[in-house]
Amino acid sequence: MASRIAAAFPGLAGLPVRAVETPGTVNALFRIGDAHVARFPLQRAAFTEVAAEAAALDEFAAVSPFPAPTVLGVADGDDRYPSAWAVQTWLPGRTAAEAFPDEGAAAPPSGLADDLARLILALRAAPLRGRSFDGRGRGGDLRAHETWMTLCFEKSAHLLDVDAARALWERLSHIPHPGADVMSHRDLIPPNLLLSEGGRLAGVLDGGSFGPADPSLDLVVAWHLLDLDARRRLRTALGADEAEWRRGAAWALQQAMGLGWYYESSNPVMAALGVRTVRRLLADPDLAG
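If you're wondering where the values come from, they're calculated on a predicted model, not measured in any experiment. (Residues numbered from 1 in each chain as written. Predicted model: local features only at pLDDT ≥ 70, side-chain atom pairs only at ≥ 80, totals over all residues. Heavy atoms only, no water.)

A.B. asks: Help me out: how do you make sense of the overall build of the protein chain in this one?
C.D. replies: Secondary structure summary: the protein chain contains 10 helices and 10 strands in total. The C-alpha radius of gyration computed for the protein chain amounts to 19 Å, which stays within 12% of the reference 19 Å derived for 289 residues, consistent with globular compactness. The C-alpha extent of the protein chain, read off along each of the three principal axes, is 60 × 40 × 40 Å. For the protein chain, the computed accessible surface area is about 12900 Å², with 53% contributed by carbon and sulfur atoms. Counting 28 positive and 35 negative side-chain charges, the protein chain places the centres of these two groups 1 Å from one another. (Helix = DSSP H or I, 4+ residues; strand = E, 2+ residues; numbered from the N terminus. Rg over C-alpha atoms; globule rule 2.2 N^0.38 Å. Areas by Shrake-Rupley, 256 points an atom, 1.4 Å probe, with all protein chains shown as cover. Lys, Arg positive; Asp, Glu negative; His and termini not counted. Charge placed at Lys NZ, Arg CZ, Asp CG, Glu CD.)

Spelled out as structure tokens, the structure:
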């Protein structure tokens, strides 16, 4: 691995290279010295695809009020490793997933909700430049995910109260898209948030999907990470109305339902996150009725 990195980025030659263990499901990471990290896609990706992700990452870093990685460069694949890959700057710190691994841990400080509101508002204020949702993944029409959710409900009976989760989805998923997109991180989950020693937001990772989406999409972080009081604090700071807030809960449910059963054996950290988030959603009195 070190020779591959040195060949593509001579300026990094001679630096120690070591694998980084993460709960991520898209890239294998290799730390290069103290300041950089190589990201190798786990599934083959074309150069144009990795380059587009790199451009989005740099755009995200330019508008985020918190530190975010920037890209050193993109390398094309070859016969030994056919996928394109990239090197970016490394940000130190522990993630929110590490700091708050389960519901038994201490709750995040209330100020973290303020930090998240500051982040989301800054992203929403970034220019669309004529772009709209690209149709990939979450961020468009909630009902487009109906087939996937049906499968998730079928696969999750041994993990959670599927009848309650299905009823919640039915209540939330009919709330219409507001009709205008905003710029969104599109994956604000605990493994992508770096925290300070005091539990405040210190950095944001994986901004390569930064792009237009439903304004409520980034609200998923409320149920992935925060307790009820902090969620309400975040909502107040964002000025989210009932429709926007409940639509954010629907996106959180859509994401979380796909984590528990799908990663149950292969990625326990992500599986636990999914189950925990669904339980938070089901217990949230602000989503009742």
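A.B. asks: Mind showing me how you'd approach the packing of aromatic side chains here?
C.D. replies: Geometry of an aromatic ring pair is reported as the spacing of the ring centres plus the angle between the planes. Overall, the coordinates contain nine aromatic pairs when judged by the stated rule. Between Phe40 and Tyr81, the aromatic rings sit 5.3 Å apart at their centres with planes inclined by 85°, giving edge-to-face as the arrangement. Of the two residues, Phe40 is situated in strand E3 (residues 36-41) and Tyr81 in the loop between strand E4 (71-75) and strand E5 (85-89); the sequence distance between them amounts to 41 residues. In terms of burial, Phe40 and Tyr81 fall into one category: buried. Note on Trp261 and Tyr262: the rings are 5.5 Å apart at their centroids and 85° apart in plane angle, and the pair reads as edge-to-face. Against the face of Phe66 rests Arg118, its NZ or CZ located 4.9 Å from the ring centre. (Phe/Tyr/Trp six-rings, centres within 6.5 Å; stacked < 30°, edge-to-face > 60°. Buried < 20%, exposed > 50% of the residue type's maximum accessible area, 1.4 Å probe, protein only. Lys NZ or Arg CZ within 6 Å of the ring centre and 35° of its normal.)

A.B. asks: What exactly am I supposed to notice about the environment of Arg280 here?
C.D. replies: Tracing the backbone shows Arg280 in helix H10 (residues 268-283). Separated by 56 residues in the primary sequence, Arg280 and His224 place their C-alpha atoms 8.0 Å from one another. Engagement of the side chain of Arg280 in a polar contact is seen with the backbone oxygen of His224, the distance being 3.0 Å. (Polar contact = N/O pair within 3.5 Å; in protein donor to acceptor, adjacent residues only side chain to side chain.)

A.B. asks: Whenever I open this one, helix H2 (residues 47-63) confuses me. Can you help?
C.D. replies: Because each turn of an α-helix spans 3.6 residues, side chains separated by three or four positions in sequence point in the same direction. The end-to-end C-alpha distance of H2, which contains 17 residues, comes to 25 Å, matching closely the 24 Å that a straight helix rising 1.5 Å per residue would cover. What H2 keeps buried is the set Val50, Ala54, Ala56, Leu57, Glu59, Phe60 and Ala61. In this structure, the buried side of H2 is in contact with E3, E4, E5, helix H4 (111-124), strand E7 (182-184) and strand E9 (201-204). (Expected span 1.5 Å × (residues − 1). Contact = heavy atoms within 4.5 Å.)

A.B. asks: Just to check I follow, could you spell out the pattern of salt bridges for this structure?
C.D. replies: Between side chains of opposite charge, a pair can form when the charged atoms approach closely. The tally for this structure, following the rule as stated, stands at 17 salt bridges. Salt-bridge contacts for Arg235 lead to Glu242; the nearest nitrogen and oxygen are separated by 2.9 Å. Residue classification places Arg235 among the buried positions, given a relative accessible area of 19%. Salt bridges sharing common partners tie together Arg39, Glu53 and Asp206. (Salt bridge = Lys/Arg side-chain N within 4 Å of Asp/Glu carboxyl O.)

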